[in-house]
Amino acid sequence: MNTLSILGPQRLVGTVHVAGAKNAALPALAATLLASEAVTLERIPRVTDTATMLDLLTCLGVEVRREGEADCLVPSVEPDRFATWGFELMRRIRASILVLGPLVARRGRARVALPGGCAIGTRPIDEHLRGLSALGAEVRVGESAVEVTAPGGLRGSRFRFSTPSVTATENLLMAASLARGTSILEGCAQEPEIGDL
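Residue numbers run consecutively from 1 along every chain, following the written order of its sequence. For a predicted model such as this one, the threshold for reporting local features is a pLDDT of at least 70, and the threshold for listing and counting side-chain atom pairs is 80 or more; totals across whole chains, interfaces and linings nevertheless cover every residue. With hydrogens and water excluded, all non-hydrogen atoms of the structure serve as input to the side-chain values.

(A) A look at the overall build of the protein chain. Numbering of helices and strands runs from the N terminus, with a helix taken as a DSSP run of H or I at least four residues long and a strand as a DSSP run of E at least two residues long. Looking only at helices and strands, the protein chain features seven helices and eight strands. Restricting the calculation to C-alpha atoms gives the radius of gyration, and the globule rule supplies 2.2 Å times the number of residues raised to the power 0.38. Taken against the 2.2 N^0.38 rule, which gives 16 Å for 197 residues, the C-alpha radius of gyration of the protein chain at 18 Å falls within 12% of a compact globule. Dimensions along the principal axes, computed over C-alpha positions, put the protein chain at roughly 65 × 35 × 35 Å. Here the protein chain holds 197 residues, and the buried ones make up 42% of them. Two residues qualify as a contact provided that any one of their heavy atoms is within 4.5 Å of a heavy atom in the partner residue. Taking contacts inside the protein chain between residues at least 6 apart in sequence as the whole, the part at least 24 apart equals 67%. Under the scheme applied here, a residue whose accessible area is under 20% of the maximum for its type counts as buried, over 50% as exposed, and between as partly exposed, the area being computed with a 1.4 Å probe on protein chains only.

In structure tokens form, the structure reads like this:
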């Protein structure tokens, strides 16, 4: 294991500005698709995954403006102006699946590429799709994409995860936030980034 050794004799003095956590930032960025007004997020870490997510949101019609150290995101409720390159962006990062729930909740439909970019191997999205179905969505899975529609909107429901999943919990929290009625999610993952969302 690599180590970093800091040898005196001086004492350390100074200020360090710490960026936010990437795993908290990605769902917060996706959640801006739910908003009807501008959202400002501070301390978004400047790493490849968040840059890709910002590009993806731009592709989905969100206007992204940099204001000092904060990002101001202005969502659009217009129909998706989704270009082919948007699917390429989705394949780059696993977290791209987080736009699925907000898009269905806000716009009544979503067509997203099956996510990629996971260094630890394939992780299925079954829990996401089962949960959205429980909220009244129709799900169609193709070879490279998932299409989910809810023309009449999502409706509150009770759903139990068969296994805790961080991104599925986040996706269903976002989808349920605009559903009609109350939703009860059981067996959720409980990581800190879920509390942040």
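There is more to say, and it comes next.
(B) Spotlight on the packing of helix H1 (residues 22–31) against helix H2 (residues 48–59). Orientation is described by lines fitted to C-alpha atoms, with helices fitted over the stretch in contact, and by angles between N-to-C directions that extend from 0 to 180 degrees. Axis separation between H1 and H2 bottoms out at 10 Å; the angle between their running directions is 0°. Considered as vectors, H1 and H2 are oriented roughly parallel to each other. Contacts between H1 and H2 involve Lys22, Ala25, Leu26 and Leu29 from the first element and Asp49, Thr50, Met53, Leu54 and Leu57 from the second. Taken together, the residues of the contact of H1 with H2 sort by class into six nonpolar, one polar and two charged. Here the angle decides the label: under 35 degrees means roughly parallel, over 145 means roughly antiparallel, 65 to 115 means roughly perpendicular, and every other value means oblique. Each residue is assigned to one class: nonpolar for Ala, Val, Leu, Ile, Met, Phe, Trp, Tyr, Cys and Pro, charged for Asp, Glu, Lys and Arg, and polar for all the others, Gly among them.

(C) The sheet that holds strand S3 (residues 70–74), seen in detail. Only strands that DSSP links by at least two bridges are regarded as paired with each other. Sheet architecture is open: three strands sit in the order S1-S3-S2, paired in antiparallel fashion. The open sheet terminates on both sides in strands that have one partner only, identified here as strand S1 (39–42) and strand S2 (63–67). Taking each pair of neighbouring strands and ignoring which way they run, the sheet shows an average axis angle of 25°. Two elements, S1 and S3, share four bridges in a ladder whose sense is antiparallel. Looking at S3, one finds that Thr40 is bridged to Cys72.

(D) Here's a closer look at the state of the cysteines. Throughout, a disulfide means two cysteine sulfur atoms within 2.5 Å of one another. Under the defined criterion, the tally for this structure stands at zero disulfides. The closest cysteine sulfur to the non-disulfide-bonded Cys59 is located on Cys72, 19 Å from its own sulfur.

(E) Here's a closer look at the side chain of Glu170. Here Glu170 shows up in helix H6 (residues 166–177). Under this rule, positive means Lys or Arg and negative means Asp or Glu; His and the chain ends count for nothing. What makes a salt bridge here is a side-chain nitrogen of Lys or Arg within 4 Å of a carboxyl oxygen of Asp or Glu, nothing more. There is no salt bridge for the buried Glu170, and the closest opposite charge comes from Arg94, which lies 9.4 Å off by N-O distance. With residues near it in sequence (within four places) discarded, Glu170 still touches Asn23, Pro27, Leu98, Glu193, Ile194 and Leu197.

(F) Broad picture of the sheet that holds strand S4 (residues 109–113). Strands sit in the order S4-S6-S5 across an open sheet of three strands; the sheet is antiparallel. With one partner strand each, in any of the chains shown, S4 and strand S5 (138–141) form the two edges of the open sheet. For this sheet, the mean angle separating the axes of adjacent strands, direction not counted, is 10°. In this structure, S4 lies alongside strand S6 (residues 145–149), joined through five bridges in antiparallel fashion. Following the sheet pairing, Ala110 is matched in S6 by Val148. Packing of helix H4 (residues 100–107) onto the sheet brings it into contact with S4 and S6, and relative to S4 it is tilted by some 160°.

(G) Main features of helix H5 (residues 126–134). Glu127, His128, Leu129, Gly131 and Leu132 are the residues of H5 that are buried. The elements touched by buried residues of H5 are H4, S5, S6, strand S7 (158–160) and H6. Where H5 ends, the next residue or the one after it, Gly136, has phi of about 100°, a positive value.

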